[in-house]
Amino acid sequence: MSPTRMSYREALRAALREAMQRDPRVFLMGEDVGRYGGTYAVSKGLLEEFGAERIRDTPLSELAFVGAGIGAALGGMRPIVEVMTVNFSLLALDQIVNTAAALRHMSGGQFSVPLVIRMATGAGRQLAAQHSHSLENWYAHIPGIRVLAPATIEDARAMLWPALRDPDPVVIFEHAQLYNLEEDLPAHWESNADISHARVRRNGTDLSLLAWGGCLGKALEAAALLEGEGISAEVIDLRVLRPLDMDTVLASVRRTHRAVVVDEGWRSGSLAGELLARIAEESFYDLDAAPARVCSQEVPIPYAKHLEDAALPQVPMIAAAARRVAGRDA
Amino acid sequence: MTATVAPPPSGPVPYEQEFALRLLADMVRIRRMEEACAQRYGEGRIRGFLHLYIGEEAVATGAMHALGAQDNVVATYREHGHALLRGVSMAAIMAEMFGRREGCSRGRGGSMHLFDAATRFFGGNAIVGGGLPLAVGLALAAKMQGEGRVTACFFGEGAVAEGAFHESMNLAALWGLPVAFLCENNLYAMGTALARSESRTDLCAKAEVFGMPALRADGMDVVAVHEAARQAVAQVREGGGPVFVEFQTYRFRAHSMFDPELYRDRAEVEAWKTRGPIHTYSARLKAQGLLDEERFLALDRAAEEEVAEATAFAESAALEPVEDLLRDVCTPPEAGP
Ligand SMILES: Cc1ncc(C[n+]2csc(CCOP(=O)(O)OP(=O)(O)O)c2C)c(N)n1
């Protein structure tokens, strides 16, 4: 099979279509997933193909339709709930945290919740503070749910099916900047369908750059820049934000002895902080330098382009942090 | 404050003796079980929050007997009686409150989180209003799969102020889902009387806003409850979409074991006790010749024996080993559905 060029959006749509075709229990519900074609046009055309029962438009009721997804999952269906963006998922946090994530344990193992929740995340489009959150770490904090961040076409295409096969709740973050990304879908994408492991996206020897979602591209760009300066950066795509695949992360850090984490979340209480803590706990003596992280500035994300750019992790900052950690910033 | 309450429930009981006595026996089972819970709580054997249903037994009893085995039940943290009448054994309920591995939630839930997959009892939810979206989803699944299941969703009147109530009522009505919203209006949400939290206290009117049929029943009268629940469940099962029922009831005990009850008069509680579901119903049965004192004592004794056995079981049941603390956070790979 020759590789097919497609956008991240098309890859997600193909995955949705495949899931709907393979399993009659699967249905998609959320705000404007049907008639409107999806806020980010991910589900465009699916209403015509599968009908309004399975491509189900909901009212503006995040709490109720996420909770209804949990109930439908308990009732034997395999719902995919699309929450327009992570910003609005805050209205449904109660159901996700207090019910979906806790139910299995709270019921002594009697009720698993096979629910998939997809949501867009991230900043970079001048949408200001209420539409630019990156709160993946809030979800990655919660035992009982799996958190995924597909950053490539391949993962956009491949992660949904195993997520639906997971008997427990899975939250999938799609960075809004990625929807238009175009790449070749590798011919062997299906054999890479995995929702447990981080992946090395670029091999290197001098330091490990850890990134995911919307920051993976930036980390890869920084690595290319650094190569021109004689710094060989390995880039790890975390992919799975809970549970963390520390084996892959630590194996890389043990090879390179230096680590920089890139995280679009705010530094305080960030996932980057968690990663660095674990690296310190488990690989302290493998490190040749204090590790670093590049996070968003601690400010509600502003509207003006120059301010927004300055608030978010950018390639030059990542490169600068890498030089510092590699001891090449003199 | 002088409390005025309606006269005690009265009138003929329209059931065969066997069923009429079943209702009585079930109310007594809940009462005796919960009295034992309160006692064990006083002894420090049961801990955490304990919300007693004493005074409200007619609601769960009348309503549960209107459901079939295929139906789903979603309840609140005041759910001991609902779990029991749904068919969870008293021993498993007691063991759960004692935090034992043989508890119906393996000691992970306690009083507020009784669960039972076998009887489709989807819990014990301690987030006020939290069960409503879940019930809507269970009903959605039933509808999409063409199963004739009704989802019965119990909640207190306090939940009516939550967004989850309004969102869920709208969604259920919009999609015509088979769910019975069963509101147990005991007049107080902790210490907040309905009139102090709702701009409009007519709960049925709130359902009508969503175009949902609404019924109101005397929640101290097991017959009125059962009739209203039967009507609601039948209507839902026939595909008529959701129905809302308000049961007007009263809790005789504190909200939980930590409540000094500053918000209501002793006299009010005493006045409501004249409407107590067990003694008023017993009196009606006796007047009709369906019950005599001997039979009452026999069924009361049977309940006491069940409680004694359940308590003994709970006391001797094993504790989950601490090594198993982390089990059931996620489904083990081999156990997937
Ligand atoms: C969302 C939420 N807010 C607050 C509480 C604390 N709380 C527990 S019970 C309760 C009162 C609820 O009253 P009601 O719904 O009428 O049920 P009742 O306890 O009377 O059976 C409150 C405020 C809670 N558990 N959940």
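Before going into details, it helps to say that this report is about the structure given with it.

Cut-offs and rules
- Residues numbered from 1 in each chain as written.
- Chains lettered and ligands numbered in written order.
- Predicted model: local features only at pLDDT ≥ 70, side-chain atom pairs only at ≥ 80, totals over all residues.
- Heavy atoms only, no water.
- Near = heavy atom within 4 Å.
- Polar contact = N/O pair within 3.5 Å; in protein donor to acceptor, adjacent residues only side chain to side chain.
- Areas by Shrake-Rupley, 256 points an atom, 1.4 Å probe, with all protein chains shown as cover.
- Nonpolar A, V, L, I, M, F, W, Y, C, P; charged D, E, K, R; others polar.
- Salt bridge = Lys/Arg side-chain N within 4 Å of Asp/Glu carboxyl O.
- Buried < 20%, exposed > 50% of the residue type's maximum accessible area, 1.4 Å probe, protein only.
- Helix = DSSP H or I, 4+ residues; strand = E, 2+ residues; numbered from the N terminus.
- Contact = heavy atoms within 4.5 Å.
- Pairing = 2+ DSSP bridges.
- Right-handed = clockwise from strand over helix to strand, strands pointing away.
- Axes fitted to C-alpha atoms, helices over the stretch in contact; angles between N-to-C directions.
- Left-handed = near helix turned anticlockwise from the far one by under 90°.
- Parallel < 35°, antiparallel > 145°, perpendicular 65-115°, else oblique.
- Buried area = accessible area lost by both parts, 1.4 Å probe.

## Focus: the site of the ligand
Residues and elements named next belong to chain B.
Okay, so step 1: Taken together, 15 residues sit near the ligand, with Tyr77, Arg78, Ala126, Gly158 and Asn186 positioned nearest.
Okay, so step 2: Taking Arg78, its side chain carries an N or O atom lying 2.8 Å from an oxygen atom of the ligand.
Okay, so step 3: The separation between an oxygen atom of the ligand and a polar main-chain atom of Gly158 is 2.8 Å.
Okay, so step 4: For the ligand, whose accessible area on its own is 580 Å², the fraction buried by protein is 74%.
Okay, so step 5: Counted by class, the shell around the ligand contains 8 nonpolar, 4 polar and 3 charged residues.

## Overview of the pattern of salt bridges
Okay, so step 1: A complete count under the given rule lists 50 salt bridges over all chains for this structure.
Okay, so step 2: We note a salt bridge from Asp23 of chain A to Arg25 of chain A, for which the minimum N-O separation is 3.0 Å.
Okay, so step 3: Residue Asp23 of chain A is classed as buried on the basis of its relative accessible area of 11%.
Okay, so step 4: Residue Arg25 of chain A is classed as partly exposed on the basis of its relative accessible area of 33%.
Okay, so step 5: Between Arg108 of chain B and Glu320 of chain B there is a salt bridge, with the nearest N and O atoms lying 2.8 Å from each other. A residue pair is termed long-range when its members are at least 10 positions apart, and Arg108 of chain B in the loop between α4 (90–97) and β2 (121–125) and Glu320 of chain B in the segment after α11 (293–316) qualify at 212 residues. Glu320 of chain B carries the same exposure label as Arg108 of chain B, and that label is buried.

## Topic: α4 of chain B
Okay, so step 1: Of all 8 residues that make up α4 of chain B, 7 are buried, and the element is covered over most of its length.
Okay, so step 2: Taken from the residues just after α4 of chain B, Gly99 of chain B is the one with a positive phi, measuring 75 degrees.

## Quick notes on the side chain of His113 of chain B
Okay, so step 1: Topologically, His113 of chain B is positioned in the loop between α4 and β2.
Okay, so step 2: A residue is classified by how much of its surface remains accessible, and His113 of chain B, at 11% relative accessible area, is buried.
Okay, so step 3: Polar contacts involving the side chain of His113 of chain B include one to the main-chain carbonyl oxygen of Gly124 of chain B, which spans 2.8 Å.
Okay, so step 4: Residues in contact with His113 of chain B, not counting those within four places in the same chain, are Met106 of chain A together with Glu79, Ser105, Gly124, Asn125 and Ala126 of chain B.

## Some points on the pairing of strand β8 (residues 243–248) of chain B
Residue and element names in this part refer to chain B.
Okay, so step 1: Among the 6 residues that make up β8, 5 are buried, leaving the element largely enclosed by the rest of the structure.
Okay, so step 2: Here strand β7 (residues 214–218) pairs with β8 via 5 bridges, running parallel. Considered in β8, the bridge of Arg216 is made with Glu246.
Okay, so step 3: In terms of handedness, the path from β7 via helix α8 (residues 222–240) over to β8 forms a crossover that is right-handed.

## Side note on the environment of Gln110 of chain A
Okay, so step 1: Within the element layout of this structure, Gln110 of chain A appears in the loop between α6 (103–106) and β5 (116–121).
Okay, so step 2: Not counting residues within four places of it along the chain, the set of residues in contact with Gln110 of chain A comprises Arg104 of chain A together with Cys104, Ser105, Phe115, Asp116 and Ala117 of chain B.
Okay, so step 3: At 3.1 Å, the side chain of Gln110 of chain A and the backbone oxygen of Ser107 of chain A are in polar contact.
Okay, so step 4: Within the structure, the side chain of Gln110 of chain A is placed 2.6 Å from the backbone oxygen of Cys104 of chain B, a separation counted as a polar contact.

## Structural notes on the packing of helix α3 (residues 62–74) of chain A against helix α6 (residues 163–174) of chain B
Okay, so step 1: Where α3 of chain A meets α6 of chain B, the closest approach of the two axes is 8 Å, and the angle between their N-to-C directions is 65 degrees. Taken as a pair, α3 of chain A and α6 of chain B cross one another with a handedness that is right-handed. Each of Glu62, Leu63, Ala64, Phe65 and Ala68 of chain A in α3 of chain A lies in contact with α6 of chain B, whose residues at this interface are Ala164, Glu167, Ser168 and Leu171 of chain B.
Okay, so step 2: Counted by class, the contact of α3 of chain A with α6 of chain B contains 6 nonpolar, 1 polar and 2 charged residues.

## Re the packing of helix α2 (residues 57–64) of chain B against α8 of chain B
Helix packing geometry: the angle between the two helix axes and the distance between the axes.
Residue and element names in this part refer to chain B.
Okay, so step 1: Following both chains from N to C, one finds α2 and α8 inclined at 40 degrees, their axes separated by 8 Å at the closest point. The angle between α2 and α8 places the two elements in the oblique class. Here α2 and α8 pass one another in a crossing that is right-handed. Contacts between α2 and α8 involve Ala58, Val59, Thr61, Gly62 and Ala63 from the former and Val222, Val225, His226 and Ala229 from the latter.
Okay, so step 2: Across the contact of α2 with α8, the residue classes tally to 6 nonpolar, 3 polar and no charged.

## So, the interface of chain B and chain A
Okay, so step 1: At the junction of the two partners, chain B supplies 39 residues and chain A supplies 41 residues.
Okay, so step 2: Summed over both sides, the interface between chain B and chain A buries roughly 3,200 Å², with carbon and sulfur atoms accounting for 66% of that surface.
Okay, so step 3: Taking the shortest distance from any N to any O, the salt bridge between Asp328 of chain B and Arg104 of chain A comes out at 2.9 Å.
Okay, so step 4: Here chain B is connected to chain A by 16 residue pairs in polar contact (both at pLDDT 80 or more).
Okay, so step 5: For the side of chain B that touches chain A, the secondary structure elements donating two or more residues are β2, α5 (131–144) and α6 of chain B.
Okay, so step 6: It is α5 of chain B that contributes the most residues to the side of chain B that touches chain A, 8 residues altogether.
Okay, so step 7: Looking at the side of chain B that touches chain A residue by residue, the class counts come to 22 nonpolar, 11 polar and 6 charged.

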